[in-house]
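Summary of the model geometry
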Amino acid sequence: MPRLYLSGNEAIAYGLIQAGVRFITGYPGTPSSEIIPTFQKIIKNKGLKAFAEWSVNEKVAYEVAYGASLAEIKTAVTMKQVGLNVAMDPFMNSAYVGTNSAMVLVSVDDPGPHSSQTEQDSRFFAMAAKIPILDPSTVQEAYDFAKRAVELSRKYGIPVMLRSTTRVSHGRADVELKGNFVNEPLKAQFKILKDWDKKLWRYAATPRQRLMLHAALNEKIAEIERTNELRFFFKGDILIISSGAVFSYLYELIEEYGLQNKLTLAKVDMPYPLKKFDFSGYSRVIAIEESMPVLELQLCTEGRRNGIVPKQGELTPEVCEEILGRIGLIKRGKTITVPPLKRPSLCPGCAHRIALYAVKKVFGKKAIYAGDIGCYTLALNFGVTDTVLCMGASVSFGFGFKKAFQLAGTEQDVVSIIGDSTFFHTGISPLIDAVHYRVPFLTIILDNKTVAMTGNQKTLSDEVSSSGEPVTPIIIENVVKGIGINFVQTVDPYDFDVSVKVLKDAKKFLKERNEVAVIVFRHLCVNTKEGLSANPRYNVAVVKELCKGCKLCLTEFECPAIVFKEEDVKAEIDHTICVGCGCCVHICPTKAIRLI
Amino acid sequence: MKLVILGKGGQGVIFFSRVIAQASINKGLSVCSTEIKGMAKKGGAVEIQMKIGEGMSGMIRRGTADMVVLLSRELLEYAKTFSENTFAFTDDEIQTARASVPMRYVNTFLLGVFVKKTKLFECQDFINILDEENKKSFIKGCDYVQS
């Protein structure tokens, strides 16, 4: 096999398929999103029969894959670490019930965090569920451990977590593929009537039977624990125990600083379950790991609890160097201050910008804007997002804020802002509550027909699946009307005047009818081929004589294609990135921005 | 060799780095890298840290890179946190690239300039792996340095 230059996520997809996984689900989330698209590409190229599709959210993804694994198809499910929070219920329970074939959960953590709400450590969650964890340190290991996870799950009849992190998943290396793609026929079986009585108790267990399942789980874990060995590198008096990406940084630093005689480095492939080890020969034992003390607490070592390892932030090679300094092994070099980079903005031509500008124009700066997870979070740059908690929370927050102010007898406009995919994910349930309790706030659904933030994955409104099969598109308006919302309007936000009118109508409706209203702003994402080719294309220019240099177009609209020339105190269009959408003509108070 | 490659979204930074990686792998060298590109399309920077023939992870500590290649000169101050040894393209090189090849091949033209000027790699190793259009552009970049 040739050596392929793969990302960690691509390597995981290769490993899973070669180990026989033929059913994979998940929900997109950086840094986990590339596993399923790679899986889809491989099965297509190799002509393998498999199901590889996105689910509506992580809980559903987990349950669908778990169901298939009970039907004896080898399965996997992928998500980012906060996605695991959503899937926690089936995750915890699946440990008790166990698997009939292999099931691997790939959960990707984001110490830093680079693009997440928390720095939580998925390993802790697996430990809480009593599910074994494999924690790769390199891209090669991501591939190897994916295969190992499938085998471990199959052997012990237990779901296995493959925990990756941003640096492994988005790292790239030349990977040696050791296996083949076997196209063996799939056989599903679950309910075999002749012995169903003996098996049924496991799948529909009563609380008393749950206790028996828990005992069986403990036996599996004890057995896996016995096989779990550490790997030792170098030979020194102080023992450092590590797993994941951090192991590779420590290994490199020990070689670079010539600490081979001072330190022993122990590598943990499987951070849970760990047996007791005899470390009495070492003067100190320290765990260095991301991002919480999983090894440290199990093995009772030094680390975060005695202040050697920082309790927050990524353990980058620089931080590992500082830790070695704190242990007294090296002199710490000078710290280098890193200049801040330009903050990200919504893309030029993004319909979210003009939609949310219209919302701000009608509802004003005093309204509470409950935002959500997606590109449109960036609207906080121009004041149309006040809160971002977790997937779907914009709608629940809309309910909570409005009800709180109603209770206190205070006037307060509340607007929830949510994207199409996030709405499907967890936005529908809180909206049902809001209808039921008649809470008068506005929910804006920004529908660009794609999961834009994580790399333009398909959504439920698509008519063709990733594998080219016809699928039934889910119509947002039907869902919203179906739960009893009486104000549902759909607008293309590029029609600015219509947007403003509909927003005013919604505002009036909220006051008069005292119930929730929904506006769907629909416009394709300009970051997709279809979106960009369908977009209008004007030649936009700033008429110098009319521009007063008020900077409103920069501060209140923030299109990256509008730049400010300090020398002549005027705005200017950067034609290298302007897509010619023409939305900015609605912004300028002196009508200096024109279509020519 | 520890190499950092910096640029902005849409400049073809990722492709630029992957060709370097593939050329090195074909030489039998190990390559590991880390890519930061999440916000690239939203005006953020694209950053690739790459170790060729050494190391276990692609992560490079600030101040320890052998060279930083800049596709966008506005990132110079940031680049210097990795190494004082920075390689940026001259205005003349960028203008010639834009004038002589279609926009989407500007990065391979500049790659040709980089390979030829720094002599860190051999041009032939790149010519062997590029497709026709990229190859033409790469060779133009190499030839530009010679002329």
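Residues numbered from 1 in each chain as written. Chains lettered and ligands numbered in written order. Predicted model: local features only at pLDDT ≥ 70, side-chain atom pairs only at ≥ 80, totals over all residues. Heavy atoms only, no water.

Section: the overall build of chain B
Helix and strand counts for chain B stand at 6 helices and 5 strands. Reading the helices (α) and strands (β) of chain B from amino to carboxyl end gives β-α-β-β-β-α-β-α-α-α-α. On C-alpha atoms alone, chain B measures out to a radius of gyration of 14 Å, which is about the 15 Å that the 2.2 N^0.38 rule sets for 147 residues. Counting all 147 residues of chain B, 52% fall into the buried class. Expressed as a percentage of contacts within chain B between residues at least 6 apart in sequence, the contacts between residues at least 24 apart total 57%. For chain B, the computed accessible surface area is about 6300 Å², with 50% contributed by carbon and sulfur atoms. (Helix = DSSP H or I, 4+ residues; strand = E, 2+ residues; numbered from the N terminus. Rg over C-alpha atoms; globule rule 2.2 N^0.38 Å. Buried < 20%, exposed > 50% of the residue type's maximum accessible area, 1.4 Å probe, protein only. Contact = heavy atoms within 4.5 Å. Areas by Shrake-Rupley, 256 points an atom, 1.4 Å probe, with all protein chains shown as cover.)

A word on the overall build of chain A
When you go through chain A residue by residue, the secondary structure sums to 20 helices and 21 strands. Taken over the C-alpha trace, chain A has a radius of gyration of 27 Å; the compact-globule value for 596 residues is 25 Å, and the two agree within 12%. Its C-alpha atoms put chain A at 80 × 70 × 55 Å along the principal axes. Residues classed as buried in chain A amount to 57% of the 596 residues present. In chain A, the proportion of contacts linking residues at least 24 apart, taken out of those at least 6 apart, comes to 76%. With the model as given, the accessible surface of chain A reaches about 25200 Å², and the carbon-plus-sulfur share is 55%. If the 72 positive side-chain charges of chain A are averaged to one point and the 64 negative ones to another, these points end up 2 Å apart. (Lys, Arg positive; Asp, Glu negative; His and termini not counted. Charge placed at Lys NZ, Arg CZ, Asp CG, Glu CD.)

Description of the sheet that holds strand β3 (residues 45-52) of chain B
Read from one edge to the other, the open sheet built from 7 strands follows the order β1(A)-β8(A)-β2(B)-β3(B)-β1(B)-β4(B)-β5(B), with strand pairing classed as mixed. The sheet is open, and its two borders are formed by β1 (3-7) of chain A together with β5 (86-88) of chain B, each paired with just one other strand. Strand-to-strand twist of the sheet, defined as the mean angle between neighbouring strand axes without regard to direction, takes the value 20°. Contacting β1 and β8 (171-176) of chain A together with β1 (2-8), β2 (31-36), β3 and β4 (67-70) of chain B, helix α1 (residues 13-26) of chain B runs over the sheet at an angle of about 10° to β3 of chain B. (Pairing = 2+ DSSP bridges. Axes fitted to C-alpha atoms, helices over the stretch in contact; angles between N-to-C directions.)

Overview of the interface of chain A and chain B
With 36 residues of chain A at the contact, the number on the chain B side is 31 residues. Taking both partners together, chain A and chain B bury about 3000 Å²; carbon and sulfur atoms supply 61% of that area. Among the residues of chain A in contact with chain B, Y5, R172 and L341 of chain A are the three that bury the most area, contributing 21% of the side total. On inspection of chain A and its partner chain B, the count reaches 4 salt bridges. A salt bridge links E35 of chain B to R172 of chain A, with the shortest nitrogen-to-oxygen separation between them at 3.1 Å. Taken together, the connections running from chain A to chain B amount to 12 residue pairs in polar contact (both at pLDDT 80 or more). For the side of chain A that touches chain B, the secondary structure elements donating two or more residues are β1, β8, α11 (245-256) and α13 (317-327) of chain A. (Buried area = accessible area lost by both parts, 1.4 Å probe. Salt bridge = Lys/Arg side-chain N within 4 Å of Asp/Glu carboxyl O. Polar contact = N/O pair within 3.5 Å; in protein donor to acceptor, adjacent residues only side chain to side chain.)

A short note on the domain arrangement of chain B
Residue and element names in this part refer to chain B. Taken as a whole, chain B is organised into domain 1 (1-88) and domain 2 (90-146). Residue-level contacts link 18 residues of domain 1 with 19 residues of domain 2. At the boundary of domain 1 with domain 2, total buried surface from both sides reaches about 1500 Å², with 76% on carbon and sulfur atoms. Along the contact surface separating domain 1 from domain 2 lie 3 salt bridges. Linking domain 1 with domain 2 are 3 residue pairs in polar contact (both at pLDDT 80 or more), by the criterion used here. Those elements that place two or more of their residues in the side of domain 1 that touches domain 2 are α1, β4 and β5. (Domains from an automatic or database assignment.)

Some words on the packing of helix α14 (residues 351-363) of chain A against helix α18 (residues 496-513) of chain A
Residue and element names in this part refer to chain A. Interhelical geometry of α14 versus α18 gives an angle of 45° and a closest axis separation of 9 Å. The angle between α14 and α18 falls in the class oblique. Read as a crossing pair, α14 and α18 show a hand that is right-handed. Together, I354, Y357, A358, V359, K361, V362 and F363 of α14 and F496, S499, V500, L503, K504, K507 and L510 of α18 make up the contact between the two elements. Taken together, the residues of the contact of α14 with α18 sort by class into 10 nonpolar, 1 polar and 3 charged. (Parallel < 35°, antiparallel > 145°, perpendicular 65-115°, else oblique. Left-handed = near helix turned anticlockwise from the far one by under 90°. Nonpolar A, V, L, I, M, F, W, Y, C, P; charged D, E, K, R; others polar.)

Things to note about the pairing of strand β19 (residues 562-565) of chain A
Covered by surrounding structure in β19 of chain A are I562 and F564 of chain A only, the residues V563 and K565 of chain A on the alternate face being uncovered. Remark: 4 residues form the turn of the hairpin made by β19 of chain A and strand β20 (residues 570-573) of chain A, two consecutive strands paired antiparallel; V569 of chain A in that turn has positive phi of roughly 50°.

What about the pattern of salt bridges?
Applying the stated criterion across every chain yields a total of 50 salt bridges over all chains. Between D447 of chain A and R522 of chain A there is a salt bridge, and its shortest N-O distance comes to 2.7 Å. One end of the pair, D447 of chain A, is in strand β15 (residues 442-447); the other, R522 of chain A, is in strand β17 (residues 517-522), and 75 residues separate them in sequence. Take D447 of chain A: its relative accessible area is 2%, and that puts it in the buried class. Of the residues examined, R522 of chain A reaches a relative accessible area of 26% and is grouped as partly exposed. Across the pair K2 of chain B and E54 of chain B runs a salt bridge, and its minimum N-O distance is 3.1 Å.

Details of the side chain of T99 of chain A
Residues and elements named next belong to chain A. Along the polypeptide, T99 turns up in the loop between α5 (88-97) and β5 (103-109). Polar contacts involving the side chain of T99 include one to the main-chain amide nitrogen of I158, which spans 3.2 Å. When residues no more than four places from it in sequence are discounted, the contact partners of T99 are Y66, S69, L70, S153, G157, I158, P159 and R202.

Section: the environment of I573 of chain A
Residue and element names in this part refer to chain A. Structurally, I573 is set in strand β20. Note: C-alpha distance between I573 and P560 (13 residues apart in sequence) is 9.1 Å. Contacts of I573, omitting those with residues within four sequence positions, involve V540, A541, V542, A561, I562 and C578.

Digging into the nonpolar core
Residue and element names in this part refer to chain A. Among the nonpolar cores identified, the biggest contains 96 residues, and L16, F39, Y62, F91, I288, L324 and I327 are the most heavily contacted of them. With 9 residues, the single largest contributor to this core is helix α7 (residues 139-156). Each residue touching F39, except ones within four places of it in the same chain, is listed here: A13, L16, I17, V21, R22, I24, A50 and A52. Within the second largest apolar cluster, 82 residues are counted, among which are C347, F363, I444 and L503. (Core = buried A, V, L, I, M, F, W, Y, C linked by side-chain atoms within 4.5 Å.)

Thoughts on a positive patch on the surface
All names here are of chain A. A cluster of like positive charges, contributed by K361, K504, K591 and R594, occupies part of the molecular surface. Here R594 shows up in strand β21 (residues 593-595). By relative accessible area, R594 is classed as partly exposed at 38%. (Patch = residues over 30% accessible without salt bridge, like charges linked within 9 Å, V, L, I, M, F, W, Y side chains within 5 Å.)

Examining the packing of aromatic side chains
All names here are of chain B. For the structure on display, the rule yields 26 aromatic pairs over all chains. On the basis of an interplanar angle of 50° and a centroid distance of 6.0 Å, the ring pair of F16 and F114 is categorised as tilted. Separated by 98 residues along the polypeptide, F16 in helix α1 and F114 in helix α4 (residues 106-118) bring together distant segments of the chain. Neither F16 nor F114 differs from the other in exposure class; each is buried. On the numbers, 6.1 Å between centres and 50° between planes, the contact of F109 with Y144 is tilted. One end of the pair, F109, is in helix α4; the other, Y144, is in helix α6 (residues 132-146), with 35 residues separating them in the sequence. (Phe/Tyr/Trp six-rings, centres within 6.5 Å; stacked < 30°, edge-to-face > 60°.)

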